[in-house]
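# Structural overview for review
One letter stands for each residue in the lines below.
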Amino acid sequence: MPSSFIPSKPTKTSPVYKVVIRPTLNNLFLSVTSRKGALLHWSSSGSSGNRGPRRSTPLAAEQSAKGVSDWLYSKRMRHIEVRVVGPFGRRARSAVRGLFHSGRLLLRRLQLAPPVAHNGLRPKKQRRV
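Nothing here was measured: the structure is a model prediction, and the numbers come from that model. By convention here, each chain's residues receive numbers from 1 onward along its written sequence. Given that the model is predicted, a residue must reach a pLDDT of at least 70 before its local features are reported, and side-chain atom pairs must reach 80 or more before they are shown or counted; all residues, however, enter totals for whole chains, interfaces and linings. Only hydrogens and water are removed before side-chain values are computed, so all heavy atoms of the structure are retained for them.

Before going further, it helps to examine the sheet that holds strand E2 (residues 28–33). For sheets, the rule is that strands pair by backbone hydrogen bonds, running either parallel or antiparallel. Ordered in space as E3-E2-E1-E4-E5, the 5 strands form an open sheet in which the pairing is mixed. The strands lining the two open edges of the sheet, one partner per strand, are strand E3 (39–44) and strand E5 (106–113). Direction aside, neighbouring strands of the sheet carry axes that sit 20° apart on average. A pair of strands is treated as paired once DSSP finds two or more bridges between them. Secondary structure follows DSSP: runs of H or I at least 4 residues long count as helices, runs of E at least 2 residues long count as strands, and numbering of each begins at the N terminus. Relative to E5, strand E4 (residues 79–85) runs parallel, the two being bridged by 7 bridges. Paired with Ile-80 across the bridge in E5 is Leu-107. With respect to the sheet, helix H1 (residues 58–74) is in contact with strand E1 (16–23), E2, E3 and E4, its orientation differing from that of E2 by roughly 15°. Strands in contact with helix H2 (residues 90–99) are E1, E2, E4 and E5; relative to E1, the strand with the most contacts, it is inclined by about 150°. The angle between two axes is taken between their N-to-C directions and runs from 0 to 180 degrees, where each axis is a line fitted to C-alpha atoms and a helix contributes only its stretch in contact. Contacts are assigned to residue pairs that have any heavy atoms within 4.5 Å of one another.

When the terminal C-alpha atoms of H1 are compared, their 24 Å separation across 17 residues agrees well with the 24 Å that a helix rising 1.5 Å per residue should span. Only protein chains enter the accessibility calculation, which uses a 1.4 Å probe; a residue whose area is less than 20% of its type maximum is buried, one above 50% is exposed, and one in between is partly exposed. Ala-60, Ala-61, Glu-62, Ser-64, Ala-65, Val-68, Ser-69, Trp-71 and Leu-72 are the residues of H1 that are buried. Packing partners of the buried residues in H1 comprise E1, E2, E3, E4 and H2. Residue count minus one, scaled by 1.5 Å, sets the expected span of a helix.

Worth remembering: the numbers are spatial, not functional.
In structure tokens, the structure reads:
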């Protein structure tokens, strides 16, 4: 082995965590999972202090996302992947914006997963003549 050979140090990779956003009609749920799918933390618009019709607003979604963002930062989790399961409307967009409100988290991937019916589309009604 030549004397000029210097072994490189192994680089430490930071783990990537997943944040799943599920907007429903009256609420919005955020789940923080590990890469393998183990649930680490969750939040919703209702758990962030909003009650009644205020739970379904973009402001409530942003507040709950900011709470998740603060929790991720306190646990030293910097790299996240975001997956939106459902329609990517105003509330989901506000939740994604709320996750990165302070610029402390790094987005690795944003994945949109619209709901897919397992039994297909409803057939057209039969034509009456």
